[in-house]
Amino acid sequence: MENDEAGHLRVERTVSGIRTMRAVWRSQGRSIGFVPTMGYLHEGHLSLVDLARRRCDSVVVSIFVNPTQFGPTEDFADYPRDLESDLAACAARGVDLVFAPGEEEIYPRPQTIWIEPGPLAQRLCGRSRPTHFRGVLTVVAKLFAIVEPDIAVFGRKDFQQALLIRRMVEELAIPARVELGAIVREPDGLAMSSRNRYLDAREREAALALSRALRLVRAAFAEGEADAEELSCLARDTMAGAGARVDYVEIVDPYGLDPVERVSAHDLCAVAAYVGDTRLIDNSPLGDPCSLDGTGSPLTELRT
Ligand code: AMP
């Protein structure tokens, strides 16, 4: 029934299929780790699978391109999809169950009840994507109700999203623990993203400016520059100079996302920019490794 050494992976498309499996596992006393994704899996996603694998007896991955988190002019229709290769990757990484629902399974009728994400969702990405986090939190709440994970794993790549999901879990008393995985990068520093696939060779080069900007900011901070405006300008100039259209550069405290003026090591520099039509995001702590729970992680670092 579950993944064994030979990579037998169970794939369910229905909520009832997941609930059945969940009941079996519960009766066996197995803990469930859950990694929600939109598919087109890369090492970033798979590192979260590895983390879930280490923590839990059974690992569930969901693959669902959630329409409600895309704005009307965004890339929902074009978002890359490749279920076959995603399933192969999941099998190879020891995933037990993939939940790959159709849209009608998650939204059998138009959604009328939403999770209202509150003021944190108006910052950073929320300014250019005003309905994004409402869609994310609503689908994640739904997936949590279906899968009932003990632990759910999200990536620091989407730091604001992870923070909001933590808040939702706390404020709605959802009985799951949210763990975060480090940002996985290409060897040249580009943060892995399913959207990198939109980039042609020239854009791929320009996209490198996001991680380069973060590295330069970290280096300047390490040399004593603590003025957020100066550091932000450095990042902005780096990205604009490479031909990226800056959406935002912000240095914020990693708990409330409040902009800071004088920077300290645990603050976060978050950037978003358009390269061609592709919107990319990245972030890094200024100095020390940071995490949402304050414990730090040696894995997060973009080395200067
Ligand atoms: P997505 O499929 O883009 O919705 O992402 C699914 C999960 O993978 C989210 O928790 C993301 O934060 C995480 N993720 C995406 N890219 C990366 C990456 N490069 N490193 C670590 N986690 C990532």
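Data block above holds the structure.
Residues numbered from 1 in each chain as written. Predicted model: local features only at pLDDT ≥ 70, side-chain atom pairs only at ≥ 80, totals over all residues. Heavy atoms only, no water.

Undergrad: Give a description of the overall build of the chain that names residues and reports values.
TA: Helix and strand counts for the chain stand at 9 helices and 9 strands. The C-alpha radius of gyration of the chain comes to 19 Å, within 12% of the 19 Å expected for a compact globule of 304 residues. With the C-alpha coordinates of the chain rotated into their principal frame, the extents come out at 55 × 40 × 40 Å. With 304 residues in all, the chain has 56% of them scored as buried. (Helix = DSSP H or I, 4+ residues; strand = E, 2+ residues; numbered from the N terminus. Rg over C-alpha atoms; globule rule 2.2 N^0.38 Å. Buried < 20%, exposed > 50% of the residue type's maximum accessible area, 1.4 Å probe, protein only.)

Undergrad: How would you summarise the sheet that holds strand 1 (residues 10-12) if you had to cite specific residues and measurements?
TA: With respect to topology, 6 strands assemble into an open sheet ordered 1-4-3-2-5-6, the strand pairing being parallel. On the outer flanks of this sheet lie strand 1 and strand 6 (177-181), each paired with one strand and no other. Neighbour-to-neighbour, the strand axes of the sheet open up by a mean angle of 25°, direction not taken into account. Direction of pairing for strand 1 relative to strand 4 (residues 97-99): parallel, over a ladder of 3 bridges. Across the sheet, the residue bridging to Arg10 is Leu97, located in strand 4. Across the sheet, helix 3 (residues 83-92) touches strand 1, strand 3 (58-63) and strand 4, and the angle it forms with strand 3 is around 165°. (Pairing = 2+ DSSP bridges. Axes fitted to C-alpha atoms, helices over the stretch in contact; angles between N-to-C directions. Contact = heavy atoms within 4.5 Å.)

Undergrad: Report on the packing of aromatic side chains, specifying residues and quantitative values.
TA: Per the counting criterion, the structure on display carries 5 aromatic pairs. Geometrically, the ring pair formed by Phe70 and Phe76 is edge-to-face, given 5.4 Å between the ring centres and 65° between the ring planes. The exposure class assigned to Phe76 is partly exposed, which follows from its relative accessible area of 24%. Through a chain of ring-to-ring contacts, the aromatic side chains of Phe34, Phe144 and Phe154 assemble into a single cluster. A cation over an aromatic ring shows up here: Arg81 above the ring of Phe76, its NZ or CZ 5.1 Å from the ring centre. Over the ring of Trp114 we find Arg134; its NZ or CZ atom is 3.9 Å from the centre of that ring. (Phe/Tyr/Trp six-rings, centres within 6.5 Å; stacked < 30°, edge-to-face > 60°. Lys NZ or Arg CZ within 6 Å of the ring centre and 35° of its normal.)

Undergrad: Could you give me a rundown of empty space enclosed by the protein, with the residues and numbers involved?
TA: One pass over the structure, following the stated rule, counts 1 cavity of 30 Å³ or more. Considered as a void within the structure, the largest cavity measures approximately 60 Å³ in volume. Looking at the largest cavity, the residues that line it are Lys157, Leu190, Ala191, Ser193, Asn196, Ala207, Leu210, Leu280, Ile281 and Asp282. Residue assignment for the lining of the largest cavity shows that the elements contributing at least two residues are helix 8 (201-222) and strand 9 (278-285). Ranked by residues supplied to the lining of the largest cavity, first place goes to strand 9 with 3 residues. Counted by class, the lining of the largest cavity contains 6 nonpolar, 2 polar and 2 charged residues. (1 Å grid on protein atoms, 1.4 Å probe; cavity = no way out; pocket = protein on both sides within 12 Å on 5 of 7 lines; lining within 4 Å. Points joined across faces, edges and corners; volume = space filled by probe spheres on them. Nonpolar A, V, L, I, M, F, W, Y, C, P; charged D, E, K, R; others polar.)

Undergrad: Tell me what's going on with the nonpolar core, and back it up with residues and numbers.
TA: Ile106, Val140, Phe144, Phe154 and Ile165 are the most contacted members of the largest nonpolar core, which totals 46 residues. When residues in this core are grouped by element, the largest group, 10 residues, is from helix 6 (residues 132-147). Of all hydrophobic cores here, the second largest spans 27 residues; its members include Ala213, Val271, Ala273 and Leu286. (Core = buried A, V, L, I, M, F, W, Y, C linked by side-chain atoms within 4.5 Å.)

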